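Residue strings, one per chain:
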Amino acid sequence: MSRLTNSHTDDQNGRGVVPELEPRGDARKAELDPAEESVEAPDALLETIVDRIPAGLIVAAAPSGRITRINDQARAVLGAVPLAQSVSDYSAYAGFRRDGSPLQPHEWPLARAVAGETIEREQIEFVRADGTRVLLEVSATPVRDRRGDIIAAVCLFGDVTEREHQERMAREFTTNAAHELRTPLAAIVSAVDVLQAGAKDLPHERDRFLAHIEREADRLSRLTRSLLVLARAQRRTEAARLEVVELCSLLGDVVAELRTAPGVDVQLRCEPQVAALANRDLTEQAVANLVANAARYTARGR
C-alpha cells in the first residue's frame, strides 16, 4: 500500500509551510486589504451606518435614560428643537396623541422602552421649535443583554405628515364622491319608478320624466368625469388641460341643477361674454359644491 504524504517544508521555527499556498495567501491578503482598511475604525463605521438609516434613530442607555446616539435624520425630522440629553428632558418637548391629549415625559415611546415596553408604529404629533407640527410614526424597543437585563432602548421614527394628508384626502374624496353620486342616481331611480307606475302611458308625463332622466344622466356623466379628473389631480397624474370657459353658461348649468328649500330664490347675475381660462369640469364641480353648500344652509331668502 502506498503512503500518502503532504509535500511541505519547515521554516526556521519548525512550522509547516505549504509552498504552493504562499502566493495564494499573499494574493488573498492583498484582496482583503481595502476591506480591512474600511473597518479599521468600527465605531466610525457604525456611526456612518446609523446616519445613513432612512429614519430618525435615537438610542438611550438604561436605566439612566441618557441619550447616547442620535442620527442626522432624527435631527432633520425634529427640526431646531434643543436635543434632549436624557428621556427626563422630554418635559421640554410638546407632543400629542392622535386624540389631542398631551404626552407626559414618561409617556414618550423611548422613555417607555427604557422601562421595558415595546411600542410599534405609534403616531405622535410633535411640535417643532418654530411652532409647526409634524406627525411622527414611532417604534421603540428595549435592548437586553444575555441575562435579560435592559441595557438600552432604541427608538425609530419618521415624518408621516404628508402620507396622512394624502390618506385623509382620499377618505374625504370617497365620502364626497358617494354623496355627490347619490343625488342624480336617486333622481333617476325615482323617475323610473314613476314611469313604471303608469306615467309611461301618458305621453305628456312620459316625456317630462324621460327629459328628467336624461338631464340627471347627463349630470351623472359630468360628475363622474369631474371626480375622475379630481382623483388624478390629487395624485398629481392629471395634466393641466385649460380651455376658454364661458362663465354665464357654466353658472346657468349649475343653477339649473340646484335644489333649494321652498321659498328660496336663486338669482344669477353674470356679465355676458365673461370667460375664464380653466378646466371646465373641475371649475363646474367647484362652483357647484359652493352653491350646493349655500343652498343646504339657506332656509329662506335668496
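Residues numbered from 1 in each chain as written. Predicted model: local features only at pLDDT ≥ 70, side-chain atom pairs only at ≥ 80, totals over all residues. Heavy atoms only, no water.

**Student:** Go over the confidence of the model for the chain with me, naming the residues and quoting the values.
**Tutor:** When pLDDT is averaged along the chain, the result is 79; 83% of the residues meet or exceed 70. The low-confidence segment residues 1–40 (pLDDT under 50) makes 15 contacts with residues lying over four places distant or belonging to another chain. (pLDDT = per-residue confidence, 0-100. Contact = heavy atoms within 4.5 Å.)

**Student:** Quick one: what's the story with the packing of aromatic side chains, residue by residue and with numbers?
**Tutor:** Under the definition given, this model contains three aromatic pairs. Between Y93 and W108, the aromatic rings sit 6.2 Å apart at their centres with planes inclined by 70°, giving edge-to-face as the arrangement. With Y93 in the loop between α3 (72–78) and β5 (95–96) and W108 in the loop between β5 and α4 (109–114), this pair connects stretches of sequence that are 15 residues apart. Grouping residues by exposure puts Y93 and W108 together as buried. Where W108 meets F126, the ring centres are 6.1 Å apart and the plane angle is 75°; that geometry is what we call edge-to-face. Here W108, found in the loop between β5 and α4, pairs with F126, found in strand β6 (residues 119–127); they are 18 residues apart in sequence, far enough to count as distant. Here W108 and F126 have matching classes, each one buried. An aromatic cluster is present here, built from Y93, W108 and F126 joined pairwise through their rings. (Phe/Tyr/Trp six-rings, centres within 6.5 Å; stacked < 30°, edge-to-face > 60°. Helix = DSSP H or I, 4+ residues; strand = E, 2+ residues; numbered from the N terminus. Buried < 20%, exposed > 50% of the residue type's maximum accessible area, 1.4 Å probe, protein only.)

**Student:** An account of the environment of R144 is needed here, citing residue identities and associated values.
**Tutor:** Examined against the element boundaries, R144 turns out to sit in strand β7 (residues 133–144). With 28 residues separating them along the chain, R144 and G116 place their C-alpha atoms 9.3 Å apart. Contact partners of R144, with chain neighbours within four places excluded, come to G116, D149, I150 and I151.

**Student:** I'd like a description of the nonpolar core, backed by residues and values.
**Tutor:** Counting residues in hydrophobic clusters, the biggest one holds 29 residues, and the most contacted among them are I58, L110, F126, L136 and F157. When residues of this core are traced back to their parent elements, those giving at least two are β3 (56–61), β4 (67–70), α3, α4, β6, β7 and β8 (150–159). Within the second largest apolar cluster, seven residues are counted, among which are A191, L195, I213 and L220. (Core = buried A, V, L, I, M, F, W, Y, C linked by side-chain atoms within 4.5 Å.)

**Student:** Please provide a residue-by-residue account of the pattern of salt bridges, values included.
**Tutor:** What the rule picks out here adds up to 17 salt bridges. R112 is the partner of E117 in a salt bridge, and the nearest nitrogen-oxygen pair spans 2.9 Å. Look at E117 and you get partly exposed, because its relative accessible area is 36%. For the salt bridge of R171 with E164, the shortest nitrogen-to-oxygen distance reads 3.4 Å. (Salt bridge = Lys/Arg side-chain N within 4 Å of Asp/Glu carboxyl O.)

**Student:** Summarise the side chain of Q123; cite the residues concerned and give the values.
**Tutor:** Relative to the helices and strands, Q123 is located in strand β6. A polar atom in the side chain of Q123 sits 2.3 Å from the side chain of R98. In contact with Q123, other than residues within four places in its own chain, are R98, L135, L136, E137, V160, R163 and E164. (Polar contact = N/O pair within 3.5 Å; in protein donor to acceptor, adjacent residues only side chain to side chain.)

**Student:** Tell me about helix α8 (residues 280–296), and please be specific about residues and values.
**Tutor:** The first and last C-alpha atoms of α8 sit 24 Å apart over 17 residues, in line with the 24 Å expected at 1.5 Å per residue. Buried within α8 we find D281, E284, Q285 and A295. End-on view of α8: buried residues confined to an arc of 100°, all on one side of the axis. (Expected span 1.5 Å × (residues − 1). Arc of directions from axis to C-beta.)

**Student:** Describe in detail a nonpolar patch on the surface, supporting the description with residues and values.
**Tutor:** Among the surface-exposed residues, L242, V244 and L277 lie close enough to one another that they form a single nonpolar patch of about 340 Å² accessible area. Examined against the element boundaries, L277 turns out to sit in strand β10 (residues 275–278). (Patch = residues over 30% accessible without salt bridge, like charges linked within 9 Å, V, L, I, M, F, W, Y side chains within 5 Å. Areas by Shrake-Rupley, 256 points an atom, 1.4 Å probe, with all protein chains shown as cover.)

**Student:** Which residues make up the pairing of β7, and what values go with them?
**Tutor:** By the bridge criterion, seven bridges tie β6 to β7 in an arrangement that is antiparallel. Residue pairing across strands places V127 opposite R133, the latter belonging to β7. As paired elements, β7 and β8 share nine bridges and run antiparallel to each other. Counterpart to V143 in the pairing with β8 is A152. Counting the residues in the hairpin turn of β7 and β8 gives five residues, including G148, whose phi is positive at 95°. (Pairing = 2+ DSSP bridges.)

**Student:** Describe the sheet that holds β8, listing the residues and the values that go with them.
**Tutor:** Ordered in space as β4-β3-β8-β7-β6-β5, the six strands form an open sheet in which the pairing is antiparallel. Every other strand in the sheet has two partners, leaving β4 and β5 as the edge strands with one partner each. Two strands pair when backbone bridges link them, and β5 and β6 are joined in this way by two bridges, in the antiparallel orientation. Residue G95 lies in a different strand from β6, and its bridge partner there is F126.

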